Each structure stands twice: as C-alpha cells, then as structure tokens.
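# Topology and contacts: notes
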Amino acid sequence: MRKEIIDKLVILAESAKYDISCASSGTTRNNTSQGIGNANGWGICHSYTEDGRCVALLKIMLTNFCLYDCAYCINRRSNDIPRAAFSPKELANLTIEFYRRNYIEGLFLSSGIIKNPDHTMERMINVVKLLRTEHQYNGYIHMKTIPGASKELTYQAGLYADRLSINLEIPTEQNLKLLAPEKDHQSIYKPMHHIQQYTLESKEDRKKHRNAPRFAPAGQSTQIIIGATNETDKDILNLTSVLYQRPTMKRVYYSGFIPVNEYDKRLPVVKDVPKLRENRLYQADWLLRFYQFNVNEIVNDLHPELELDIDPKLSWALRHPEYFPVDVNRASYEQILRVPGIGIKSARMIVSARQHGALTLNALKRIGVVLKRAQYFIHCRDKSMLTIHEAKPENVRLALIAPTPIPRGQPEQLSIGF
Ligand code: SF4
C-alpha cells in the first residue's frame, strides 16, 4: 500500500473514531517475527448484527476537513489537527484491498462537510457507487447522511448503502444551536424522514415487482451525545421513544460526551466520559425495545434521571412493590418479563417449561434466572425467601446494590449487554 494512502488512513481513521454509532475495538498490536496477524489502529472496528454476529468494519472518514465548527467535535474547523482527504476512487480501492485481505467485512463511512452538504454527499455516494458497480462489492456498507443533504442524494445513497444514519447529536434544538450553530434539527429530521419514506416505498414496490431496487435494507440509526448539555435522562428517553415510533429506526446510540475541546467555554468541564450514564441509557433503551416498558414508567417528572447505582429495571421494580411477587407458574409472559433477574430468554423458557409441571427454585436456576435478584420478586412452588414486601424495598435495594455506590459525576465503565 502506498505511503501516502497509509498516511491518510491513519489520519482519517483517527478522526472517525469518536462516532460510536458502530463500536470500535481500538487495538494496537503489532505482529512478531514468528506470529500471525497485525492489529493496527487503522479504523477497523467491530459491530454486531441483529443475530449477534460480530463483523469487522473499516470505520473511516472521506475527509476530516470541515466547514462547520461544532463545539464537541475534534474535526471542527477551528482545531489545528492534521487534515486529509481521500478521493472516492482511493477510498473505494482501499476498502476493496482490505476486504480482499480479509481485514474487514464492511465499511462505515462518514465525512466532514466540504463546500456544502450536497457536494459532500455526492463524493460519499461516489465511493459506495464505485464499490457496488465497479468492484461488484456486496458487503455491508453503513453510510452517514450529511445534515441538510437533498432528497435526491439521500435516495441515491440508500440505493447503494445497507444502512443510513444521521446523527441528532444534541437532543434539543436550543442546545444544538448553542454547540453547533451551523446545524439545526430540521436539517437532520428532514433526511431522516426521507430515508423512512424511501424505505417504506421500496418495501411496497418490492411486493409488486421482485426486482424493484432495495433502499437501505438495514434501516436507519442515529446517535445522541450524552452529557455535553443539560438534558435529563427523561428528555433523552422521551426523544428516543418518539424516534422508535418511526418504522425504519433500528437503533438510537448514546455517546458519552468526550472532552476533546476543553478550551471551549460552552462545554461542561468533565474529567471522564459519562460511561455509566451511557450504560444506564442503553439498559433503558432495551426496556423500551424488548421489555414492553413505556417511557413514563422508566423516567417521569418524579424521576427525571436514571439511577446510577442500580439498573432501570430494578429501579422500576423497587418503586412498584405492588406489582410483586409474580407467580412464575401462573403469571403472563409480560408480567414475568418485568421481574429483575429474568431476561427475555428465561421468561420464554419459564412459560414453556411450566406446561410440564410446577417450577421450583432449582428449575428456575437451571433456566438461567438470577435468583439473587429475582428471589424478592417471585413466587414459586418451594419459595421460602422473603418477598419485597417482607424485606422492604429499601433493604432489597441495599442487598442488591454494588458494594460501593457510585455517585453521579464519577462514572465507571460497565459492560453493555446489547
Ligand atoms: S459537521 Fe460533523 S465533522 Fe464537521 S464539525 Fe460538526 S460534527 Fe464535526
């Protein structure tokens, strides 16, 4: 590979790494004389498919030159950082080269805004078009749509990309205007709406004509930055809930604010990325998508912030002792799903297993129920432990909480099960 291309790759992969709408592995391990493999920080990241497969993506920007000056972004025009730009042909060739070498299974493409949104989109479309038409590349492509891009170009992008995303970044218009004066919510929601419209039209067309073009078959996603502005978890989750009402919105990603431009007085002074808050939001997101929770049950005027020391499902259960204990041998699937310590898989297995006889604690354990948590909230054949009423919610909370409670403002990383 030419040195000039490697130099661009290093700069543009580094610039792309702050966008977490596909998670990055960020490893740097060099090969040894007798070893095999060479993991470099060249923007290869890992993303997960809906069926749980892990795929390696080349996560790269077409260019990190940008006309805009968003306060939270490392690539903003006022930053003095190394800049580079690939030509569409260079980036298409690089993707194919990586693909042939088995480094990657797909491409995640974003870009700074050069000249104007449409000019940038055209160049990005050229990359994916070259890949699809000249190189006959059929691998996965996730492309970031540029705020303010035209309807026509959004359509063309969706003909070549599997997934299109456009980042909301800041949840409210007022705060977006404060931190990213060149952007507004309309320039983000409009392309989002176009993506939805074209996706649904394409699905209808394909019912009538098998060969009608497919539009962004993997749907769309977006990203919200957490902690750069003063929105509460309630504001963020209400917005999320509205976004998920869009039939084509597959994922909302929450990106803890990374203090890359500490000199900007509009930004909060933070020591660490709010990883724990980010993690709680992902857990709440799961409750919305898979556990049939309504957003008001998780956050509301009385509880506008997610608790950091316990997960949102346990938090809801402790606030609603009247809902428990749930009889695992009689309750509906939906009721069982609300028990802390019981996940979707366990709830399904409980409903199926109890047809063959009443479930005991041992049977629940074999199914995978986390009894340490679930014991206070369930009733089963040989249940002998205290219920939440007998033990009292405050004591259950103490028994289940992490040994050292973590106060807000001192976040710690937790594993995210999504
Ligand atoms: S438009 Fe995108 S790349 Fe440009 S400064 Fe804003 S966030 Fe960064």
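Residues numbered from 1 in each chain as written. Predicted model: local features only at pLDDT ≥ 70, side-chain atom pairs only at ≥ 80, totals over all residues. Heavy atoms only, no water.

## Brief notes about the overall build of the protein chain
- When helices and strands are counted, the protein chain shows 16 helices and nine strands.
- Classification of the 418 residues of the protein chain by burial places 50% in the buried group.
- By element, 50% of the accessible surface of the protein chain is carried by carbon and sulfur atoms, the whole surface being about 20500 Å². (Helix = DSSP H or I, 4+ residues; strand = E, 2+ residues; numbered from the N terminus. Buried < 20%, exposed > 50% of the residue type's maximum accessible area, 1.4 Å probe, protein only. Areas by Shrake-Rupley, 256 points an atom, 1.4 Å probe, with all protein chains shown as cover.)

## Here's the deal with the environment of serine 150
- Structurally, the position occupied by serine 150 is in the loop between strand S4 (140-144) and helix H4 (151-160).
- Separated by 33 residues in sequence, serine 150 and proline 117 have C-alpha atoms that sit 8.1 Å apart.
- At 3.3 Å, the side chain of serine 150 forms a polar contact with the backbone nitrogen of leucine 153. (Polar contact = N/O pair within 3.5 Å; in protein donor to acceptor, adjacent residues only side chain to side chain.)

## Quick look at the site of the ligand
- Every residue near the ligand is listed here: Cys66, Tyr68, Cys70, Cys73, Arg76, Gly112, Ile113 and Lys183.
- When atom positions are compared with the pocket grids, the ligand is found to occupy the largest cavity.
- Of the residues contributing to the shell around the ligand, the split by class is five nonpolar, one polar and two charged. (Near = heavy atom within 4 Å. 1 Å grid on protein atoms, 1.4 Å probe; cavity = no way out; pocket = protein on both sides within 12 Å on 5 of 7 lines; lining within 4 Å. Sits in = over half its atoms within 2 Å of the grid points. Nonpolar A, V, L, I, M, F, W, Y, C, P; charged D, E, K, R; others polar.)

## Things to note about the side chain of glutamate 90
- Mapped onto the secondary structure, glutamate 90 falls in helix H2 (residues 88-100).
- A polar contact is formed between the side chain of glutamate 90 and the backbone nitrogen of serine 87, at a distance of 3.0 Å.
- Not counting chain neighbours up to four residues away, the residues in contact with glutamate 90 comprise Arg2, Glu4, Ile5, Lys8 and Ala85. (Contact = heavy atoms within 4.5 Å.)

## Some remarks on the pattern of salt bridges
- Here the structure, examined in full by the defined rule, presents 22 salt bridges.
- Across the pair aspartate 264 and arginine 266 runs a salt bridge whose closest N-O atoms are separated by 2.7 Å.
- Linking aspartate 285 and arginine 289 is a salt bridge whose minimum nitrogen-to-oxygen distance equals 2.7 Å. You can see aspartate 285 and its partner arginine 289 sitting in helix H8 (residues 275-290), four residues apart, about one turn around the helix. (Salt bridge = Lys/Arg side-chain N within 4 Å of Asp/Glu carboxyl O.)

## Description of the confidence of the model for the protein chain
- Per-residue pLDDT for the protein chain averages 89, and the proportion of residues at 70 or more is 88%.
- Looking at the elements of the protein chain, mean pLDDT is at its lowest for strand S1 (residues 44-48), recorded as 67, and at its highest for helix H9 (residues 295-298), recorded as 98.
- Throughout residues 36-41 the model reports pLDDT below 50, and contacts reaching past four residues in sequence, or to other chains, amount to 12 contacts.
- Taken as a whole, residues 404-418 scores under 50 in pLDDT and shows 27 contacts with residues more than four places along the chain or in a different chain. (pLDDT = per-residue confidence, 0-100.)

## Points about the environment of lysine 365
- Along the chain, the position of lysine 365 falls in helix H13 (residues 361-367).
- C-alpha of lysine 365 to C-alpha of serine 346: the two residues are 19 residues apart in sequence and 9.7 Å apart in space.

## Notes on the side chain of aspartate 311
- Mapped onto the elements, aspartate 311 comes out in the loop between H9 and helix H10 (312-319).
- A polar atom in the side chain of aspartate 311 sits 3.0 Å from the backbone nitrogen of lysine 313.
- In this structure the side chain of aspartate 311 is engaged in a polar contact, spanning 3.0 Å, whose partner is the backbone nitrogen of leucine 314.
- With residues near it in sequence (within four places) discarded, aspartate 311 still touches Arg280, Gln283 and Arg373.

## Thoughts on the packing of aromatic side chains
- The final tally for this structure, using the stated rule, is 13 aromatic pairs.
- For the pair tyrosine 254 and tyrosine 282, a centre-to-centre distance of 5.1 Å together with 75 degrees between the ring planes defines the contact as edge-to-face. With tyrosine 254 in strand S7 (residues 249-256) and tyrosine 282 in helix H8, this residue pair connects regions lying 28 residues apart in the sequence. This pair shows no difference in class: tyrosine 254 is buried, exactly as tyrosine 282 is.
- With a centroid separation of 5.2 Å and an interplanar angle of 65 degrees, the aromatic rings of tyrosine 323 and phenylalanine 324 are classed as edge-to-face.
- With relative accessibility at 29%, the residue tyrosine 323 sits in the partly exposed group.
- Following the ring pairs from residue to residue traces out a cluster consisting of Phe293, Trp316, Tyr323, Phe324, Tyr376 and Phe377.
- Geometry around tyrosine 253 places arginine 251 over its ring, the cationic atom sitting 4.7 Å from the centre.
- A cation over an aromatic ring shows up here: arginine 338 above the ring of phenylalanine 293, its NZ or CZ 3.9 Å from the ring centre. (Phe/Tyr/Trp six-rings, centres within 6.5 Å; stacked < 30°, edge-to-face > 60°. Lys NZ or Arg CZ within 6 Å of the ring centre and 35° of its normal.)

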